[in-house]
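Examining the three-dimensional arrangement
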Amino acid sequence: MQSKARIFDQPQPLVERMIMNVEKVIVGKRETIEKAFVAMLSGGHLLLEDVPGVGKTMLVRALARTIGCEFKRIQCTPDLLPSDVTGVSVYNAKSGEFEFRPGPLMTPIVLADECNRTSPKTQAAFLEAMEEKRVTIDGIGYELPKPFLLLATQNPADYEGTYALPEAQMDRFLMRLTIGYPTMEQEIQMLDRLQDRQPLEYLKPVIVQDEFVELQREAARVHVDETLKEFIVRAALTTRQHPDLYLGVSPRASYALMRAAQSSAYMRGRTFVVPDDIKDYVLPVWAHRLMLTSEARMTGKSAEAILIGLLSSLQTPVLRYSSSSK
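Model, not experiment: these values are computed from the prediction.

For the rest of this paragraph, the subject is the UniProt feature "domain: ChlI/MoxR AAA lid" (unreviewed entry) in the chain. In the numbering used here, UniProt assigns the feature "domain: ChlI/MoxR AAA lid" (unreviewed entry) to residues 238-307. Helix makes up 57% of residues 238-307 and strand 7%. Its end C-alpha atoms lie 10 Å apart.

Below you can see the structure in the form of structure tokens.
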């Protein structure tokens, strides 16, 4: 297997520095940080779902600062309007023309904080940007910067004042992650760091924006064998035929899983995907896209459990690469 020349010959040390940089702010959540970088390298949007106060917003800020990208935050509230997100055309009395004033969505890294607290109409304003990387205002299309990554936080659906995100929007999030509570030792370490200063204020970028875009391009060039593509599609077809699911994963989800596997392999210094790259990311990439039947929910089944059972029922491909392919 011949791969194109890479600008970053050894991505592993660079990725490790990026992860360690975020760990200066977020204590004891290395697996979550790694998966967040996989989503971002894949060019996908990330949904962080957890209880308030565990560091979702802090994680997003640390990720943005680490890759040297401009960052803006949208606090989603019930009265937030679509124009507050995308921008608006304003009449200039001096020039006699309308001028476009971009909203916070026209930024490389956007945090939609508590995105399920705003109305469905405003949630819909995110859809075009998430899929097409552009927004349309008064019939005029505006391209979004590269990279464009929406990192959204969401409170659990049973919390007061929340709206369920529509299926079309959930399908546009490449991955859903949770942070969870820290252990006692980790929380004490966090208090030590926060006692006299906020670590985020002193966090420095590891790379700049253009370098991160190049990292994304290189990750997309990681080789995926045809047998692995068939494995992904076979798993996707199984979700669409599963008796406990009334909505399986979409073709977009198949592509998302392949991209996550490529980025996972790239972060580990490989130029090819192995089956474990796929299996490690099935749950964070697919679980939030599945819709269970009412009978399955009543019997206590979960999307995660269904996916675990699905993977165990499928035969894992066996790949044989020569040493030159590595």
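Following the structure, the description resumes.
Now for unusual backbone geometry. A cis geometry characterises the amide bond from Lys146 onward to Pro147, with omega recorded as -5°. Secondary-structure assignment places Pro147 in the loop between strand 7 (140-143) and strand 8 (149-154). In this structure, Glu114 is a non-glycine residue whose phi angle is positive, near 55°. Secondary-structure assignment places Glu114 in the loop between strand 5 (109-113) and helix 5 (120-132). Within the chain, Lys133 stands out as a residue other than glycine whose phi angle is a positive 55°. Note on placement: Lys133 falls in the loop between helix 5 and strand 6 (134-137).

Parsing the chain into structural domains produces domain 1 (12-220) and domain 2 (222-320). At the junction of the two partners, domain 1 supplies 25 residues and domain 2 supplies 25 residues. Counting the surface lost from both domain 1 and domain 2, the interface buries some 2,100 Å², and carbon and sulfur atoms represent 53% of this. Sorting the residues of domain 1 by area buried against domain 2 places Val38, Asp171 and Arg176 first, and these three jointly supply 26% of that buried surface. Between Arg289 and Asp171 there is a salt bridge, and its shortest N-O distance comes to 2.7 Å. Across the domain 1-domain 2 interface, the total number found is 16 residue pairs in polar contact (both at pLDDT 80 or more). If you list the elements that add at least two residues to the side of domain 1 that touches domain 2, you get helix 1 (11-23), helix 2 (30-41), helix 6 (167-170), strand 9 (173-177) and helix 8 (209-220). Across the side of domain 1 that touches domain 2, the residue classes tally to 13 nonpolar, four polar and eight charged.

In terms of burial, strand 9 is largely enclosed, as four of its five residues are buried. With four bridges connecting them, strand 1 (residues 45-49) and strand 9 associate as parallel partners. Its bridge partner lying in strand 9, Leu48 is registered against Leu177.

For the rest of this paragraph, the subject is the pattern of salt bridges. According to the stated counting rule, one finds 17 salt bridges in the structure shown. A salt bridge links Glu143 to Arg134; the nearest nitrogen and oxygen atoms lie 3.4 Å apart. The class for Glu143 is exposed, based on a relative accessible area of 57%. A salt bridge links Glu226 to Lys229; its shortest N-O distance comes to 3.4 Å. Here the residue Glu226 and the residue Lys229 both occupy positions in helix 9 (residues 226-240), the gap between them amounting to three residues, near one helical turn.

Turning next to the packing of aromatic side chains. Taken as a whole, this structure holds one aromatic pair when the rule is applied. Consider the rings of Phe100 and Tyr142, whose centres lie 4.1 Å apart with planes at 15°: the pair is stacked. Pair noted here: Phe100 is in strand 4 (residues 97-102) and Tyr142 is in strand 7, with a separation of 42 residues, a long-range link. Of note, Arg197 hangs over the ring of Tyr202, and the distance from its end group to the ring centre comes to 4.6 Å. When the ring centre of Phe272 is taken as reference, the NZ or CZ atom of Arg270 above it lies at 5.9 Å.

Here we come to the environment of Val249. Inspection of the secondary structure assignment puts Val249 in the loop between strand 10 (245-247) and helix 10 (251-267). With relative accessibility at 2%, the residue Val249 sits in the buried group. Each C-alpha atom of the pair Val249 and Leu237 lies 8.0 Å from the other, and the pair is twelve residues apart in sequence. In contact with Val249, other than residues within four places in its own chain, are Ala236, Thr239, Arg240, Trp286, Arg289 and Leu290.

Here we come to the side chain of Thr153. In this fold, Thr153 is placed in strand 8. Here Asp113 takes part through its side chain, which lies 2.6 Å from a polar atom of the side chain of Thr153. In this structure Thr153 touches Leu48, Lys56, Thr57, Leu111, Ala112, Asp113, Glu114 and Cys115, once residues within four positions along its chain are discounted.

Linking Glu114 and Leu48, residues 66 residues apart in sequence, is a C-alpha distance of 9.4 Å. When residues no more than four places from it in sequence are discounted, the contact partners of Glu114 are Gln75, Cys76, Thr153 and Asn155. Within the structure, the side chain of Glu114 is placed 2.9 Å from the side chain of Gln75, a separation counted as a polar contact.

Using the criterion set out here, one finds zero disulfides in the structure. As a non-bridged cysteine, Cys115 has Cys76 as the owner of its nearest cysteine sulfur, 6.0 Å distant.

The rules behind the values
- Residues numbered from 1 in each chain as written.
- Predicted model: local features only at pLDDT ≥ 70, side-chain atom pairs only at ≥ 80, totals over all residues.
- Heavy atoms only, no water.
- UniProt positions renumbered as here; feature names shortened; annotations may be inferred.
- Helix = DSSP H or I, 4+ residues; strand = E, 2+ residues; numbered from the N terminus.
- Domains from an automatic or database assignment.
- Contact = heavy atoms within 4.5 Å.
- Buried area = accessible area lost by both parts, 1.4 Å probe.
- Salt bridge = Lys/Arg side-chain N within 4 Å of Asp/Glu carboxyl O.
- Polar contact = N/O pair within 3.5 Å; in protein donor to acceptor, adjacent residues only side chain to side chain.
- Nonpolar A, V, L, I, M, F, W, Y, C, P; charged D, E, K, R; others polar.
- Buried < 20%, exposed > 50% of the residue type's maximum accessible area, 1.4 Å probe, protein only.
- Pairing = 2+ DSSP bridges.
- Phe/Tyr/Trp six-rings, centres within 6.5 Å; stacked < 30°, edge-to-face > 60°.
- Lys NZ or Arg CZ within 6 Å of the ring centre and 35° of its normal.
- Disulfide = S-S within 2.5 Å.

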